[in-house]
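Coordinate inspection notes
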Amino acid sequence: MGKIQIHTERCKGCYYCVESCPKKALSVSEHKNDKGYQYVEVDDALCVACGTCFEVCPDFVYEILE
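Residues numbered from 1 in each chain as written. Predicted model: local features only at pLDDT ≥ 70, side-chain atom pairs only at ≥ 80, totals over all residues. Heavy atoms only, no water.

Attention now moves to the overall build of the protein. The number of helices and strands found in the protein is two helices and four strands. Going residue by residue from the N terminus, the α and β elements of the protein occur as β-α-β-β-α-β. Relative to the 2.2 N^0.38 estimate, which gives 11 Å for 66 residues, the radius of gyration of the protein is 11 Å and therefore close to what a compact globule would have. With respect to the principal axes defined by its C-alpha atoms, the protein has extents near 35 × 20 × 15 Å. Within the protein, buried positions represent 29% of all 66 residues. (Helix = DSSP H or I, 4+ residues; strand = E, 2+ residues; numbered from the N terminus. Rg over C-alpha atoms; globule rule 2.2 N^0.38 Å. Buried < 20%, exposed > 50% of the residue type's maximum accessible area, 1.4 Å probe, protein only.)

Time to look at the environment of alanine 49. The residue alanine 49 is located in the loop between strand 3 (38-42) and helix 2 (52-56) in this model. Here the alpha-carbon distance between alanine 49 and lysine 3, two residues 46 residues apart in the chain, equals 5.2 Å. Once residues within four sequence positions are removed from consideration, alanine 49 is found in contact with Gly2, Lys3 and Ile4. (Contact = heavy atoms within 4.5 Å.)

With that settled, consider the nonpolar core. In terms of nonpolar packing, the biggest core is built from 15 residues, with Ile4, Leu26 and Tyr62 touching the most fellow members. Elements supplying a minimum of two residues to this core: strand 1 (3-6) and strand 3. Setting aside anything within four residues of it in sequence, one finds isoleucine 4 in contact with Leu26, Val42, Cys47, Ala49, Cys53, Tyr62, Glu63 and Ile64. (Core = buried A, V, L, I, M, F, W, Y, C linked by side-chain atoms within 4.5 Å.)

Looking now at the side chain of serine 29. Examined against the element boundaries, serine 29 turns out to sit in strand 2 (residues 26-32). Overall, serine 29 belongs to the buried group, its relative accessible area being 1%. At 2.9 Å, the side chain of serine 29 and the backbone nitrogen of histidine 31 are in polar contact. Here the side chain of serine 29 touches glutamate 41 through a polar contact of 3.3 Å, side chain to side chain. Those residues within four positions of serine 29 in sequence are excluded, and the remaining contacts are Gln38, Tyr39 and Glu41. (Polar contact = N/O pair within 3.5 Å; in protein donor to acceptor, adjacent residues only side chain to side chain.)

Two side chains with opposite charge may pair up if their charged atoms get near one another. Tallying each qualifying case throughout the model produces one salt bridge. The salt bridge partner of lysine 12 is aspartate 59, with a shortest N-O separation of 3.6 Å. Pair noted here: lysine 12 is in the loop between strand 1 and helix 1 (16-20) and aspartate 59 is in the loop between helix 2 and strand 4 (62-65), with a separation of 47 residues, a long-range link. The class for lysine 12 is partly exposed, based on a relative accessible area of 44%. (Salt bridge = Lys/Arg side-chain N within 4 Å of Asp/Glu carboxyl O.)

This is a description of form; function is not addressed.
Spelled out as structure tokens, the structure:
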């Protein structure tokens, strides 16, 4: 099973991924990236690497790893 990698520096806080995640594995961090946006965090225990976040993200925040 794969895993996702999040490039937090690319996140602009639209949170489409959080709303779309079928396993509710994504949440908004309390921390901010260098651009001042609260970025997204993944709960690896819940994530099944389905790719939904990758598909909906307009900022190429996600990478699916094998």
